[in-house]
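Listed below are the residues making up each chain.
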Amino acid sequence: MADKRDYYEVLGLQKGATEDEIKKAYRRVAKECHPDLHPGDKAAEARFKEANEAYGVLSDPEKKSKYDQFGFAGVDPNFSAGGFNGDFGDLGDIFGDIFGGFGGFGGFGGQTRQAGRSAPRRGESLRVRLTISFEEAAFGCKKDVNITRVDQCPDCKGTGCAPGTAPETCPDCRGTGSVTTQRRTPFGIMQSSGPCPKCGGAGKIVHSPCPTCRGSGSIRAQRKLNVSIPAGIDDGETVSLRGQGNAGANGGPAGDLLVLIQVRPSPTFQREGANLYVTTSLSFVQAALGTEIQVPTLEGPVSLNIPEGTQTGSVFRLRGKGVPNVRTGLKGDQFVTVNLQTPKNLNRRQKELLQELADLSGEKVKKRRKL
Ligand SMILES: [Zn+2]
Ligand SMILES: [Zn+2]
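Residues numbered from 1 in each chain as written. Chains lettered and ligands numbered in written order. Predicted model: local features only at pLDDT ≥ 70, side-chain atom pairs only at ≥ 80, totals over all residues.

(A) A look at the overall build of the protein. Scanning the protein from N- to C-terminus turns up nine helices and 15 strands. Here the contacts in the protein between residues at least 6 apart in sequence split such that 61% fall between residues at least 24 apart. (Helix = DSSP H or I, 4+ residues; strand = E, 2+ residues; numbered from the N terminus. Contact = placed C-beta atoms within 7 Å.)

(B) Molecular detail of the sheet that holds strand S1 (residues 126–132). Overall, mixed pairing links the three strands, which are arranged S1-S9-S8 in an open sheet. Every interior strand has two partners, whereas the edge strands, S1 and strand S8 (238–241), have only one. Each adjacent strand pair in this sheet contributes to an overall mean axis angle of 25°, direction not counted. Taken together, the seven bridges between S1 and strand S9 (residues 257–263) define a ladder with parallel strand orientation. Considered in S9, the bridge of Val128 is made with Val259. (Pairing = 2+ DSSP bridges. Axes fitted to C-alpha atoms, helices over the stretch in contact; angles between N-to-C directions.)

(C) Structural context of the nonpolar core. Counting 18 residues, the largest nonpolar core has Leu11, Tyr26, Ala51 and Ala54 as its most contacted members. Every element with two or more residues in this core is listed here: helix H1 (7–10), helix H2 (19–33) and helix H3 (42–58). When residues of this core are assigned to their parent elements, the largest contribution, six residues, is made by H3. Look past the residues within four positions of Ala54 in its chain and what remains in contact with it is Tyr7, Val10 and Leu11. Residues Ala137, Ala138, Ile229 and Val259 belong to the second largest nonpolar core, which totals ten residues. (Core = buried A, V, L, I, M, F, W, Y, C linked by C-beta atoms within 7 Å. Buried ≥ 20, exposed ≤ 12 C-beta atoms within 10 Å, placed from the backbone.)

(D) Structural detail: unusual backbone geometry. Despite not being glycine, Arg174 has its phi angle at roughly 55°, a positive value. For Arg214, which is not a glycine, the phi torsion comes out positive at approximately 55°. Tracing the sequence through the fold places Arg214 in the loop between strand S6 (204–205) and strand S7 (218–229).

(E) Layout of the sheet that holds strand S11 (residues 275–283). Ordered in space as S10-S11-S15-S14, the four strands form an open sheet in which the pairing is mixed. Two strands in the sheet have a free side with no partner beyond their single neighbour: strand S10 (270–272) and strand S14 (315–318). Direction aside, neighbouring strands of the sheet carry axes that sit 30° apart on average. Two elements, S11 and strand S15 (residues 334–341), share eight bridges in a ladder whose sense is parallel. Pairing of Thr279 across the sheet is with Thr337, part of S15.

(F) Inspection of the pairing of S7 at higher detail. Little of S7 is tucked away: one of the twelve residues are buried. Of the pairings in the sheet, the one linking strand S2 (residues 141–152) to S7 comprises twelve bridges and is antiparallel in character. Bridge assignment links Lys143 to a residue of S7, and that residue is Val227.

(G) Molecular detail of the packing of H2 against H3. Two numbers describe how H2 lies on H3: the axes approach to 9 Å, and their chain directions differ by 165°. Taken together, the axes of H2 and H3 are roughly antiparallel relative to one another. Our pair here, H2 against H3, has a crossing hand that is left-handed. Where H2 approaches H3, its residues Ile22, Tyr26, Val29, Ala30 and Cys33 are matched on the opposing element by Ala44, Arg47, Phe48, Ala51, Tyr55 and Leu58. Here the contact of H2 with H3 is composed, by residue class, of ten nonpolar, no polar and one charged. (Parallel < 35°, antiparallel > 145°, perpendicular 65-115°, else oblique. Left-handed = near helix turned anticlockwise from the far one by under 90°. Nonpolar A, V, L, I, M, F, W, Y, C, P; charged D, E, K, R; others polar.)

(H) Main features of the environment of Ser266. With respect to the helices and strands, Ser266 occurs in the loop between S9 and S10. Between the C-alpha atoms of Ser266 and Phe134, which are 132 residues apart in sequence, the distance is 5.8 Å.

(I) Expanded view of helix H9 (residues 348–361). For H9, built from 14 residues, the straight-helix expectation of 20 Å at 1.5 Å per residue is met to within 8% by its first-to-last C-alpha distance of 20 Å. Across the 14 residues that make up H9, only a small minority, zero, are buried. (Expected span 1.5 Å × (residues − 1).)

(J) Inspection of the environment of Gly245 at higher detail. Here Gly245 lies in the loop between S8 and S9. Taking the number of C-beta atoms within 10 Å as the measure of exposure, Gly245 has 23 and is therefore buried. Residues Gly245 and Arg127 lie 118 residues apart in sequence; the distance between their C-alpha atoms is 8.5 Å. Not counting residues up to four positions away in its chain, the partners in contact with Gly245 are Gly123, Glu124, Ser125, Leu126, Arg149, Ala254, Gly255, Asp256 and Leu257.

Below, the structure is given as structure tokens:
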């Protein structure tokens, strides 16, 4: 107890502060150090507990007067740090308006959950897979995808009311979706908020539901969407269609449609990022003497000059014959690997010539029997 800070000091107040000043000071401190705003910050959490404790006493006229007279000794001995530990829901009435301005923090007591019932909510995003060919990925394409999604009901425009009728604002909660109840706690009577039982937290009551959506305001619908796939997209990448997911609730925006692209492999090309790889064969004579060959590219065959003395496994680069980078549009290169092939099934004349070549080079070869 010795190192406990004075309750007024904790809230930055002078002794004799009014009820209103205490409430305001507490809101300010609690807002500064609420654990939801400082996840994992032990100092903030300790300050928050300290502020809760101070407010618990100073907001209760009876405890306050005892504290004013007798200090810590005047207040409930059970009322020590941690008395409020984790039970933030009891402070719902105070935090309702603090957190209202933050647009809804998750995980805070019942307050944000229940405010979310009548607050605008974004629709869920949907995911769909789409398989395209290697060339479609390289050049880009347009594809139809069929999805089932939640759309706003076209007949009631999402209100859930039959045409010509309107929802009634709930008289119990006056449209807020929440009601305040009083509760006895160790600190006296505390107010707390919960979802309105009359309207289930929606804030409005529908008397004659829309027959199309049975009052839900939304329908499940089959949709065919034309998706533009950018040139250069790669296997496993995603195309997002903003606002094409499920409809939002209470006027919130729709979610997105995420199209996961699967690219069928090519029998000709291997792809790594923006670069393409192909392998081609040459006879050792072509490689020895040099030649010009045709190699496949995405834009059709092109000539490639093979210089004399080319070794097996040599790689040639065709600049700009790769795939465009999906973001920059800059094209990669195509790499051509040549594999030399040993001639088979030679006729007599060919064998004689090779024998002669071996003799000239002084190379030892298997002696052929004279025909
Ligand atoms: Zn409807
Ligand atoms: Zn209500």
